[in-house]
Amino acid sequence: MNIAMDQHYQHLLHLEAAINACALSVTVSTDGTISSVNKLMLNALQLPEQVVCGQPLESVLLPANGDQWERTLHAIKNGKAIREQFCFLINGVKPLWLEAGINPLTVDNQHSDEYLILGMDITDRKLSELRIQEDEQYFRQILENLPIGLQQFSPDGISMEMNSRQRQIWGQEHAFFTTPNYNWLYDPHYRLNGLAKLFEDVRSGRKTLKREILLNFSEKNYDDITRIYPIYFEATIFPVVDKQSNMANIFLILDDITEKKLAEISLQKSERLLDNIIENLPIGYIQFDNFGFIRRINQTQRNFFDSPHPTARRQFNVMNDEFATMFELDDLFQQALQDNMPLRLEKKVDFGKDGRWTNIDREVYLDLTVFPVVNPVDKERIVVALVNDITDKKTQELENIKNQEFLQQTGQIGKIGGWELAVNTGEFRWSEEACNIHGCTPGTSITLDDVLSFYTEESRQTLRILIDQCIRNGKPFDAQMVIETPYHVIKRVRAIGQADMSNGSPKRIYGVVQDITEQSAIRDALTRNTELMRLFFDTIDMGYVAMEPDGQLNFLNQKAEKLIGRKALTGSNIFEVFPKLSGTVFYARLQECIRQQASQSFGIYFPAPDKWFDFLLTPMQDGGISVFIRDITESRKMQKELRRANDQLSNLNKNLVNQNKQLEDFAHITSHNLRAPIANLKALMQMHNEATSQQERELYLGMLHEVIKKIDETLNDLVEVVQIRKDVNVEKEKLFFADRLKKVTDILLVDVETSNIQISSDFSKAPALIYSRVYLDSILQNFITNAIRYRSPERTPELHLHSWVENDLIMLTVEDNGVGIDMERFGNKLFGFRKTFHKNKDAKGIGLFITKTQVEAMGGSIKAESKPGLGTKFIITFRPE
């Protein structure tokens, strides 16, 4: 027995030695003080045993997790052993992690006086794990808050994890979150936009790939307009392999580049637009680099150059080209660069001197604008030249100068001079030839009064009045005058003047003066011949006028003067002696006669005298115009009376047709609208005869009296309509829908109560209209009887009426819940005369025909919407007066 105990004790000693060799142990009493520690624990504490023993445990080894330690002490007090990882702080600072077992030490298996902490030092391993956890948590927090989307996939394409930005990109309704085992590689949307293909390329190639993807679209509402905007992402997909180089996961990064992409697209559009604008400028555009080489030429300039050698043109340098130097184009280039200012000038260039890079081969005038520009990208300075070919304009200016010289020469030959009067200052100017006509020395300073002094008394007064009228009213003048030169030479002149208007008032008056002395002498000679011609033309019964193309009269016969109503002097203007021609087609036809050199025949009506004149304009060989005038008033009046008689006959015929149609319409109204009330009378009479009590008979008699009263009102209304005046108009009055519906419902009282139909209405938006009372009652009665007649046996019949205003027209809908009608089969016959579509014995096929006729007769329209078994809806458009 002793030997066995000794062996067991030896075994325990060996076991304790083995434990102390690899484990840290400390024994703690129930009051929390340390009883004993082994060497490994002392080494960990780096304290001698006499300092440690007897000290409170928490002063040497402070539990880092107070809650865990409280639970452990509670378990030990209850006799339970604990196996956990504990963290103690040596001296409250240095961590010591133990994979420990804490066991209560009992005496005689009764209660514990101490407990043993026995554990392995796992501090290094645990601190490494904690660092890994902290790093993982740190990086997870970074990934979760990245501004770009990050998503982890299995190699098969199954989503495993994603950060918050990626979840936001997909949206809560995406299949990633709503469909279990969703594989996006088979989704047609991602195959179409290339994202699935990019994933597969990464999986097969095991390389990181990046691509811009149009992922989806967004909607933005502006008032009532919805606009769709694309959303672009830069997709980056990269594989992750394990230690055995097997593909473990594939990651997707989505970076929103919509703003950048739209900016790029906008920039590209702007560049294309700018290129298009430059290319289609109506003037030439040439762009030089800062060395003088041509970088760009637009379409207009290419067409202008018509260059046979585009390659040679690109090699052209404005700084060293002989042709450019010859016309100083190189100086313009240098000045624009040096002064950094735009230059504009006209340049005469002879392209015939250089055919190397253009086929123009002629002398041209160019409007050149040369200015420097700094390229915003590379800050390089360039020079732009805008080239406008003004050869035609310049040629025209030179031609105008020549024309002015020519006019001056022809003025001298034709004895025509010009003059000008400044209204505000009174300054008077005239040309050299005008001076010669008045017998003055050219260059002599002169006033208007000086000029008027040359004219005879009569001519002076006339000219002063004409100039005054021209200043006040802007009225031009053209008159013949007599002047006397300082050398007492009598001349006949023609003075023409007109105003230069500005803001409704003349700034100046200008015109010409012509010496017509010789022409007047010739005209006097012609006057004698004219008298002979007058004798001839005065014998014909037709007005004759010979005049110049400008309207100046050369001859009028007596008949013409009689038609005009006044005497006219030769030389006056036809529009002055016959002012009623102004504003008529006479002037336009006169111009046609002159332009086409062909006769023009036309008539003109003059309201004031109530006269019709027939005109014939014929061009003459000498350039004049012959005008023949004939009074055709009587003939026109006879034609007018004949047309009036025909119109009266046509209107009479139309009235007769309309009256016949109206009588037929009233006949239908009478036969149709009285049928239902009379049926009600028959029903009431039958109910009266079958009544068993006097009280019931008196009730039916009262109802009979009311129905008869309403029928009498209807008959009276029909009689009044028949007496309407002979035209097609029907008497109209202001009617209220609610009043007329009540009146019609009272007439149909028996049918309404017998059928139990529920009639409702809403006339709040259009309570009344101007209409025929008989027509409106007939229309409402037809709809009520139809709703009763064609009610469905499966439900209580209902009828609803609703009115409103639309586009200044009054609309009325009448909707029932009856048996309905097949509109595809019978829609085109619904409103036909005596057309029925149900097997109802009471159906006559007249009601809707009459209703449609009445509505259209008042300028309105009617249409229907219906389906079998779902009732019918009628829409009436009233066109009230």
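Source: prediction; values computed, not measured.

What counts as what
- Residues numbered from 1 in each chain as written.
- Predicted model: local features only at pLDDT ≥ 70, side-chain atom pairs only at ≥ 80, totals over all residues.
- Heavy atoms only, no water.
- Helix = DSSP H or I, 4+ residues; strand = E, 2+ residues; numbered from the N terminus.
- Contact = heavy atoms within 4.5 Å.
- Areas by Shrake-Rupley, 256 points an atom, 1.4 Å probe, with all protein chains shown as cover.
- Pairing = 2+ DSSP bridges.
- Axes fitted to C-alpha atoms, helices over the stretch in contact; angles between N-to-C directions.
- Core = buried A, V, L, I, M, F, W, Y, C linked by side-chain atoms within 4.5 Å.
- Buried < 20%, exposed > 50% of the residue type's maximum accessible area, 1.4 Å probe, protein only.
- 1 Å grid on protein atoms, 1.4 Å probe; cavity = no way out; pocket = protein on both sides within 12 Å on 5 of 7 lines; lining within 4 Å.
- Points joined across faces, edges and corners; volume = space filled by probe spheres on them.
- Nonpolar A, V, L, I, M, F, W, Y, C, P; charged D, E, K, R; others polar.
- Phe/Tyr/Trp six-rings, centres within 6.5 Å; stacked < 30°, edge-to-face > 60°.
- Lys NZ or Arg CZ within 6 Å of the ring centre and 35° of its normal.
- pLDDT = per-residue confidence, 0-100.

J.: How should I be thinking about the overall build of the protein in this particular structure?
T.: Regarding its fold elements, the protein presents 31 helices and 33 strands. Within the protein, residue pairs in contact and separated by at least 24 positions form 49% of the contacts whose partners lie at least 6 positions apart. For the protein, the accessible area works out to roughly 52,600 Å², and carbon and sulfur atoms hold 52% of it.

J.: Honestly, the sheet that holds strand 23 (residues 553-556) in this entry has me stumped. Any pointers?
T.: Picture the strands of a sheet paired through backbone hydrogen bonds; they go either parallel or antiparallel. The strand order across the open sheet formed by 5 strands is 23-22-26-25-24, and the pairing between neighbours is antiparallel. Lying at the two open borders of the sheet, with one neighbouring strand each, are strand 23 and strand 24 (600-606). Between one strand axis and the next, the sheet turns by 20 degrees as a mean value, whatever way the strands run. Relative to strand 26 (residues 625-631), strand 22 (residues 543-547) runs antiparallel, the two being bridged by 5 bridges. Across the sheet, the residue bridging to Met547 is Ile625, located in strand 26. Packed onto the sheet, helix 23 (residues 586-596) meets strand 22, strand 24, strand 25 (611-619) and strand 26 and runs at close to 170 degrees relative to strand 24.

J.: Is there a simple way to explain the side chain of Lys347 in this structure?
T.: Position of Lys347 among the secondary structure elements: in strand 14 (residues 343-350). The residues touching Lys347, leaving out its near neighbours within four places in the chain, are Phe327, Glu328, Val364, Tyr365, Leu366 and Leu368.

J.: I would appreciate a short explanation of the sheet that holds strand 8 (residues 159-162) in the present structure.
T.: Here 5 strands make up an open sheet; going across it, the order is 8-7-11-10-9 and the pairing antiparallel. Of all the strands in the sheet, the pair left with one neighbour each is strand 8 and strand 9 (209-222). The mean inter-strand angle of the sheet, taken between neighbouring strand axes irrespective of direction, is 25 degrees. Bridging between strand 10 (residues 225-241) and strand 11 (residues 247-256) involves 9 bridges; their strand directions are antiparallel. Its bridge partner lying in strand 11, Val240 is registered against Asn249. Contacts from helix 10 (residues 195-205) reach strand 7 (149-153), strand 9, strand 10 and strand 11 within the one sheet, and its direction differs from that of strand 10 by about 10 degrees. Its contacts with the sheet put helix 11 (residues 258-279) on strand 9, strand 10 and strand 11, and the angle it makes with strand 10 is roughly 115 degrees.

J.: Which parts of the structure should I look at to understand the nonpolar core?
T.: The nonpolar side chains of soluble globular proteins are, as a tendency, buried together. Tyr771, Leu812, Ile876 and Phe878 are the most contacted members of the largest nonpolar core, which has 33 residues in total. Looking at this core, the element that brings in the most residues is helix 29 (residues 773-789), giving 8 residues. Filtering out sequence-adjacent residues up to four positions away, Leu812 remains in contact with Phe737, Phe763, Leu780, Leu801, His802, Ser803, Phe874, Ile875, Ile876 and Phe878. One finds Ala434, Ile446, Met481 and Ile483 within the second-largest nonpolar core, a separate group that totals 27 residues.

J.: I tried to follow unusual backbone geometry on my own but got confused; where do I start?
T.: Note: most peptide bonds trans; most residues except glycine with negative phi. Phi at Gln46 takes a positive value of approximately 55 degrees, unusual for a residue other than glycine. Within the element layout of this structure, Gln46 appears in the loop between helix 2 (39-45) and helix 3 (49-52). Non-glycine residue Gln597 carries a positive phi angle of around 50 degrees. For Gln597, the location among the structural elements is in the loop between helix 23 and strand 24.

J.: Sorry, what's going on with the environment of Arg773 here?
T.: Within the element layout of this structure, Arg773 appears in helix 29. Arg773 sits in the partly exposed class, given a relative accessible area of 22%. Taking the C-alpha atoms as reference, Arg773 lies 8.4 Å from Glu731; in sequence the two are 42 residues apart.

J.: Please clarify how empty space enclosed by the protein should be interpreted in this entry.
T.: A probe as big as a water molecule, rolled over the atoms, marks out the empty space that is left. Applying the stated rule across the entire model yields 3 cavities of 30 Å³ or more. The calculated volume of the largest cavity comes to roughly 290 Å³. Ile286, Phe288, Leu329, Leu368 and Ala385 are, among the 21 residues lining the largest cavity, the residues nearest its centre. Within the residue set of the lining of the largest cavity, elements represented by two or more residues are strand 12 (284-288), helix 12 (299-305), helix 15 (329-339), strand 15 (363-374) and strand 16 (381-389). Its residues placed into classes, the lining of the largest cavity shows 20 nonpolar, 1 polar and no charged. Put simply, the second largest cavity is a space of about 120 Å³.

J.: Teacher, can you tell me more about the packing of aromatic side chains here?
T.: Ring pairs (aromatic) are described by centroid distance and by the angle formed between their planes. A full pass over the atoms with the stated rule returns 32 aromatic pairs. A ring pair is formed by Phe176 and Tyr182, whose centres lie 5.1 Å apart and whose planes are at 80 degrees; its orientation type is edge-to-face. Overall, Tyr182 belongs to the buried group, its relative accessible area being 13%. Ring centres of Phe428 and Trp430 lie 5.9 Å apart, and the angle between their planes is 75 degrees; on these two criteria the pair is classed as edge-to-face. For the pair Phe428 and Trp430, one class covers both residues: buried. Members of the aromatic cluster, each reached through a chain of ring pairs, are Phe575, Phe578, Phe586, Tyr587, Phe602, Phe606, Phe613 and Phe615. Its guanidinium or amino end placed over the ring of Tyr232, Lys261 lies 5.9 Å from that ring's centre, counting from NZ or CZ. Between Arg636 and the ring centre of Trp612, over which it is positioned, the NZ or CZ distance is 3.9 Å.

J.: Help me out: how do you make sense of the confidence of the model for the protein in this one?
T.: Detailed reading of the predicted model is not advised wherever pLDDT is low. A residue-level look at the protein finds 83% of positions with pLDDT of 70 or above and a mean pLDDT of 80. pLDDT under 50 marks residues 723-728. Its contacts with residues more than four places away, or in other chains, come to 9 contacts.

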